[in-house]
Each structure stands twice: as C-alpha cells, then as structure tokens.
Amino acid sequence: MFRFKSIPFALICAGSFFVISAGEEVSARSYAQPPARCMWQPVVTYQYQTRSYFHYVTRYDHHGHPYRVRQVCYKTVKVPVTKWVKVCY
C-alpha cells in the first residue's frame, strides 16, 4: 500500500545524496584507460552439409533388356562459412 508520509522522507534522502555527491571532484582523465582499437575481422569456419545429386544406373529387366534408372544419392560436403568477429586491442 502506498503511503503519502514516505514521499517527503524519500525526497529528503534523495536531496541529501545529491548535495553530498556535488562536493566531490572527479577527474575522469586520471583513471581513464586509452581507448581500445576495435576492428571487424573475418573468421572462416566450416560446416558439413548433406547435398543430394542424381546418379544414373543401368538395370536389366526380366528379359535382359537394359534400361536407365535415376537414383537420388547424398553426399556430405564441407562448406566454408564466413563470420565477422569484433577484435579489440
């Protein structure tokens, strides 16, 4: 449940925090590190994919006559994949 009595207390606490922190001097340059040099570099990785291809085979019927049949075969191929990686020095 929300109480209206807690609002002034919260404002006083927040105000005192800003007054205390306003007196401090902060020098960002004295503790700062030099900016990092970042570049995007390509990294080539390989994936294995299954590809289909057609292969024609000669078969013979029960009379000994040849005929051609198209077969679907599969082979595993190594495919290069390029990924860009951010490298900072």
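Up top is the structure.
Residues numbered from 1 in each chain as written. Predicted model: local features only at pLDDT ≥ 70, side-chain atom pairs only at ≥ 80, totals over all residues. Heavy atoms only, no water.

## Examining the overall build of the protein
We apply this condition: Helix and strand definitions follow DSSP, with helices as H or I runs of at least four residues and strands as E runs of at least two, each counted in order from the N terminus. Here the term buried applies to any residue with accessible area under 20% of the maximum for its type, exposed to any over 50%, and partly exposed to those in between, with areas from a 1.4 Å probe on protein chains only. Should any heavy atoms of two residues lie within 4.5 Å, those residues are counted as being in contact. Accessible areas in this description were obtained via Shrake-Rupley with a 1.4 Å probe; residue shielding takes into account the shown protein chains only.
When its secondary structure is counted, the protein shows two helices and two strands. The burial tally for the protein puts 2% of its 89 residues in the buried class. Once local pairs closer than 6 in sequence are excluded, the contacts in the protein between residues at least 24 apart make up 60%. As displayed, the protein has an accessible area near 8,900 Å², and 60% of this comes from carbon and sulfur atoms.

## Topic: the packing of aromatic side chains
Test applied: Stacked, edge-to-face and tilted labels apply to pairs of Phe, Tyr and Trp rings (six-membered ring for Trp) whose centres lie within 6.5 Å, assigned for plane angles under 30 degrees, over 60, and everything in between, in that order. Criterion for a charge above a ring: Lys NZ or Arg CZ within 6 Å of the ring centre, and within 35 degrees of the ring normal.
Summed over the entire model, instances satisfying the criterion amount to zero aromatic pairs. Lying over the aromatic face of Phe 54, Arg 70 brings its terminal NZ or CZ to 4.0 Å of the ring centre. Over the ring of Tyr 46 we find Lys 78, and its NZ or CZ is 5.0 Å from the ring centre.

## Quick notes on the state of the cysteines
This is how the line gets drawn: Disulfides are defined as cysteine sulfur pairs within 2.5 Å.
All chains considered together, the criterion is met by one disulfide. Here Cys 38 pairs with Cys 88 through a disulfide, and the sulfurs are 2.1 Å apart. Negative torsions about the S-S bond denote left-handed disulfides, and the value of about 105 degrees found for Cys 38 with Cys 88 makes this one right-handed. With Cys 38 in strand E1 (residues 38–60) and Cys 88 in strand E2 (residues 66–88), the pair connects residues that are 50 residues apart, well separated along the chain. Residue Cys 38 is classed as partly exposed on the basis of its relative accessible area, which comes to 38%. The partly exposed category is assigned to Cys 88, whose relative accessible area is 45%.

## Description of the environment of Pro 80
Relative to the helices and strands, Pro 80 is located in strand E2. Sequence-wise, Pro 80 and Val 43 are 37 residues apart; in three dimensions their C-alpha atoms are separated by 10.0 Å. Setting aside its immediate chain neighbours within four residues, Pro 80 contacts Val 44, Thr 45 and Tyr 46.

## Describing a nonpolar patch on the surface
Selection criterion: The patches described consist of residues with a relative accessible area above 30% and no salt bridge, like charges being joined within 9 Å and nonpolar side chains (Val, Leu, Ile, Met, Phe, Trp, Tyr) within 5 Å. By salt bridge we mean one thing: a side-chain nitrogen of Lys or Arg within 4 Å of a carboxyl oxygen of Asp or Glu.
A surface patch of nonpolar side chains, about 470 Å² in accessible area, is lined by Phe 54, Tyr 56, Val 72 and Tyr 74. Here Tyr 56 lies in strand E1. We classify Tyr 56 as partly exposed; its relative accessible area is 46%.

## Observations concerning the pairing of E2
Selection criterion: Note on pairing: two strands pair once DSSP finds at least 2 bridges between them.
Where E1 meets E2, 23 bridges bridge the pair, whose relative direction is antiparallel. In the sheet register, Val 57 faces E2, and the bridge partner there is Val 69.

Remember that the coordinates give geometry; whether it matters functionally is a separate question.
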